[in-house]
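# Commentary on secondary and tertiary structure
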Amino acid sequence: MSFIPGHPVTAVVQRIEIHKLRDGDNLILGFSIGGGIDQDPGQNPFSEDKTDKGIYVTRVSKGGPAEVAGLRMGDKIMQVNGWDMTMVTHDQARKKLTKKNEDVVRLLVTRKSLETVVRQSMMQH
């Protein structure tokens, strides 16, 4: 994702739909997140310039719903079920993802490899 102060942010995004796994009263997504506007972005291993306070996928459970859906460690979550996730606290993000009445989570994510592929294809034309 490229960011220049005063200019629009551009990002290549992918839609991912995760069907939560029901385990008794729990709904399992199969991934963990890090980041948020209330966290230290310097501690985020996926933030390139160490100032990005976005929500990132920090772990994906092998064989879990998130892995099956195509989510990858390092993906930046831009939206959850239509809700903007670019300026939320860690707890707000967790609550949006773990709503008990939602069996499906629709994510809009961006990842470095997506951006690289698009940039390479644009250079070929």
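The rules behind each value
- Residues numbered from 1 in each chain as written.
- Predicted model: local features only at pLDDT ≥ 70, side-chain atom pairs only at ≥ 80, totals over all residues.
- Heavy atoms only, no water.
- UniProt positions renumbered as here; feature names shortened; annotations may be inferred.
- Helix = DSSP H or I, 4+ residues; strand = E, 2+ residues; numbered from the N terminus.
- Buried < 20%, exposed > 50% of the residue type's maximum accessible area, 1.4 Å probe, protein only.
- Contact = heavy atoms within 4.5 Å.
- Areas by Shrake-Rupley, 256 points an atom, 1.4 Å probe, with all protein chains shown as cover.

Per an unreviewed UniProt entry, the protein goes by Tax1-binding protein 3 and derives from Carassius auratus. Quoted verbatim from the Function (unreviewed entry) field of the UniProt record, the comment on the protein reads "May regulate a number of protein-protein interactions by competing for PDZ domain binding sites."

## Let's talk about the overall build of the protein
When its secondary structure is counted, the protein shows 3 helices and 8 strands. Its helices and strands taken in sequence order, the protein reads β-β-β-β-β-α-β-β-α-β-α from the N to the C terminus. With 125 residues in all, the protein has 34% of them scored as buried. Long-range pairs, those at least 24 residues apart, make up 64% of the contacts in the protein with a sequence separation of at least 6. Accessible area of the protein: about 7900 Å², with a carbon and sulfur share of 55%.

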